[in-house]
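Listed here are the chains, written in short residue letters.
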Amino acid sequence: MVLARLWRSAGPGGCRALLLAGLLLLLLRQVAKQLSAVGLGLGLAVQHRGPPHPPPLSRRREVGRTSRTEPLRGETSGRPPPNVVFVKTHKTGSSTLQNILFRLGERHHLTVAFPHYTYQFAYPQPFAATFVEPLPPGAARYNLLLSHLRLAAGELRRVMPPDSLYLTILRDPVRTFPSVFAYYRSTVPAFQALANHPQPLAAFLQAPARYYDPADAGNGLARNPMAFDLGLEAGGEEGGSQWDRELERLNRTFQLVLIAEHFDESLLLARELLGLHLEELAYVRLNARRGGGDEALAPGLAWRIRAWNWLDVRLYRYFQAVLWHRVELYGYTRMKGELEALRALLRETRETCLAGEAVGPEETADELRPWQPDTAAILGYNLRPGLPPAQHASCYRLVLPELQYHARLYYQQYGREMCALPCD
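Just so you know, these numbers come straight off a predicted model, no measurement behind them.

*Asks:* When you look at the overall build of the protein chain in this model, what are you seeing that I'm missing?
*Replies:* The secondary structure content of the protein chain amounts to 17 helices and 4 strands. By residue count, 49% of the 424 residues in the protein chain fall in the buried class. Long-range pairs, those at least 24 residues apart, make up 75% of the contacts in the protein chain with a sequence separation of at least 6.

Written out as structure tokens, the structure is:
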């Protein structure tokens, strides 16, 4: 109606032609706006569907740390990282996750709960609050507790804030037990008699009761070592429903139990729980044993390992099912895309930082050499030569072995060396 009145009032000739041209220009502008909006919407949809790819290392301040253009999730929300208790289990890959958490603590100047002396909380005694160094001056509470201990959840709660997140890690007992045996063959009483045997593991598993004394506290790692680390007492043969209750109790204690055979999936679940940026998950495999991944078990040996470590098998299978349930809730498609991004980050990080693959102690630089037991060779890393200072510092932290990182953070926090024996 409005257009008709304008047309009649314009009169014949050039006025109507001008009016027609103006209307056509207005129509073209409206169409252009709509096309632009549709194009922007399509572009955003494509960005949203694509997997998250990390920025190139040349744009990073340091390995494992986001740039200031992409702040940490914790910083974005205006809150610090959460308080964390990580219960390390022996020979499960726990040192790798510990290094990630050490770096998190160092970046954010978090207060670490350290043992009074050495690098463990009086292991194999159950953890007690009295094993912890006092808070350093000016600190209101501990933020991280990451050293080896034997779980006593009530005592941990006396030390750590009530909102602390509890993590641990498990590994297939068929892989864990041979590694424990090799690493501690000269220190665990049940293994010592076989220290010089040509096939010590097979000999032990042929007649384990001949060597194993459950009353000896030093034999905690000689049977069901993961269950022992988590505070369980598995005397005698396989029990019944009591273990279902124990496993449910552990499931209530821990917000996440990582599985070593699915470490990257576990790490992405930890990332969401802790509010970390993808780049903070950069890692290399630490404290690995030379030949540990290449061993072929003799026929029947895997069965004997499972039979001897029946509670570890039960523990592992229970939390393996819990992990896959959590992955299902996380979303398989989301997990697949983030795994691709994480593994691309890991490849790039290793190419940037490392001089090559992990090497034996005889080839590792002194300050980067892991502690060596007398029955196994533990691999370490050398850094790529010529790294710029800032990048060298972050790569150095990435490969720093457990004991050296302990000592580094302890000195930063207390201004003195960590005691190797009980301090006066």
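After that view, the rundown keeps rolling.
*Asks:* Help me understand the sheet that holds strand 4 (residues 256-259), please; the structure alone is not making it clear to me.
*Replies:* Two orientations exist for strands paired in a sheet by backbone hydrogen bonds: parallel and antiparallel. Ordered in space as 2-1-3-4, the 4 strands form an open sheet in which the pairing is parallel. Either end of the sheet is taken by a strand with one partner, and the two such strands are strand 2 (144-145) and strand 4. Two elements, strand 3 (residues 165-170) and strand 4, share 4 bridges in a ladder whose sense is parallel. By the bridge assignment for strand 4, Ile 169 is matched with Leu 258.

*Asks:* Before we go on, may I ask you to explain the side chain of Asn 99 in this structure?
*Replies:* Mapped onto the elements of the fold, Asn 99 is located in helix 4 (residues 94-108). A polar contact is formed between the side chain of Asn 99 and the backbone oxygen of Arg 397, at a distance of 2.9 Å. Apart from residues lying up to four places away in sequence, Asn 99 is in contact with Leu 286, Arg 397, Leu 398, Leu 400 and Tyr 405.

*Asks:* Just checking my understanding: could you explain the packing of aromatic side chains for this structure?
*Replies:* The description of two aromatic rings rests on the distance between their centres and on the angle between their planes. If you walk through the whole model with that rule in mind, you get 19 aromatic pairs. Where Tyr 318 meets Phe 319, the ring centres are 4.9 Å apart and the plane angle is 75 degrees; that geometry is what we call edge-to-face. Relative accessible area serves as the criterion here: at 2%, Phe 319 is assigned to the buried category. The lysine or arginine in question, Arg 150, covers the ring of Phe 228, its NZ or CZ lying 3.7 Å from the ring centre.

*Asks:* How do you make sense of the pattern of salt bridges when you look at a structure like this?
*Replies:* Working definition: two side chains of opposite charge can pair if their charged atoms are close together. All told, the structure shown has 18 salt bridges when counted by the stated rule. Measuring nitrogen to oxygen at the nearest pair gives 2.9 Å for the salt bridge that ties Glu 402 to Lys 88. Placement of the pair is Glu 402 in helix 17 (residues 402-414) and Lys 88 in the loop between strand 1 (84-87) and helix 4, with a sequence separation of 314 residues. Side by side, Glu 402 and Lys 88 carry an identical accessibility label, which is buried. Its salt-bridge partner being Glu 133, residue Arg 416 comes within 3.5 Å of it at the nearest N-O pair. Here Arg 416 is found in the segment after helix 17, whereas its partner Glu 133 is found in the loop between helix 4 and strand 2, with 283 residues between them in sequence. Assessed through its relative accessible area of 38%, Arg 416 is described here as partly exposed. You can call Glu 133 buried: its relative accessible area is 5%.

*Asks:* I tried to follow helix 15 (residues 332-353) on my own but got confused; where do I start?
*Replies:* An α-helix turns once per 3.6 residues; consequently, residues spaced three or four apart project the same way. Here helix 15 is 22 residues long and its end C-alpha atoms lie 31 Å apart, about the 32 Å a rise of 1.5 Å per residue gives. The set of residues buried in helix 15 consists of Met 335, Gly 337, Glu 338, Leu 339, Ala 341, Leu 342, Leu 345, Leu 346, Thr 349, Thr 352 and Cys 353. Where helix 15 is buried, its residues touch helix 12 (263-274), helix 14 (310-330) and helix 16 (389-399).

*Asks:* I tried to follow the environment of Glu 348 on my own but got confused; where do I start?
*Replies:* Tracing the backbone shows Glu 348 in helix 15. On the accessibility criterion, Glu 348 (25% relative accessible area) is partly exposed. Taking the C-alpha atoms as reference points, Glu 348 and Ala 282, separated by 66 residues in sequence, lie 9.6 Å from one another.

*Asks:* Is there a simple way to explain empty space enclosed by the protein in this structure?
*Replies:* Where empty space is left becomes clear once a probe the size of a water molecule has been rolled over the atoms. Under the definition given, this model contains 2 cavities of 30 Å³ or more. As a volume, the largest cavity reaches approximately 70 Å³. As for the largest cavity, its lining consists of Ser 95, Leu 286, Asn 287, Leu 368, Pro 370, Leu 379, Gly 380, Tyr 381, Val 399, Pro 401 and Glu 402. When grouped by side-chain class, the residues that make up the lining of the largest cavity number 7 nonpolar, 3 polar and 1 charged.

What counts and what doesn't
- Residues numbered from 1 in each chain as written.
- Predicted model: local features only at pLDDT ≥ 70, side-chain atom pairs only at ≥ 80, totals over all residues.
- Heavy atoms only, no water.
- Helix = DSSP H or I, 4+ residues; strand = E, 2+ residues; numbered from the N terminus.
- Buried < 20%, exposed > 50% of the residue type's maximum accessible area, 1.4 Å probe, protein only.
- Contact = heavy atoms within 4.5 Å.
- Pairing = 2+ DSSP bridges.
- Polar contact = N/O pair within 3.5 Å; in protein donor to acceptor, adjacent residues only side chain to side chain.
- Phe/Tyr/Trp six-rings, centres within 6.5 Å; stacked < 30°, edge-to-face > 60°.
- Lys NZ or Arg CZ within 6 Å of the ring centre and 35° of its normal.
- Salt bridge = Lys/Arg side-chain N within 4 Å of Asp/Glu carboxyl O.
- Expected span 1.5 Å × (residues − 1).
- 1 Å grid on protein atoms, 1.4 Å probe; cavity = no way out; pocket = protein on both sides within 12 Å on 5 of 7 lines; lining within 4 Å.
- Points joined across faces, edges and corners; volume = space filled by probe spheres on them.
- Nonpolar A, V, L, I, M, F, W, Y, C, P; charged D, E, K, R; others polar.

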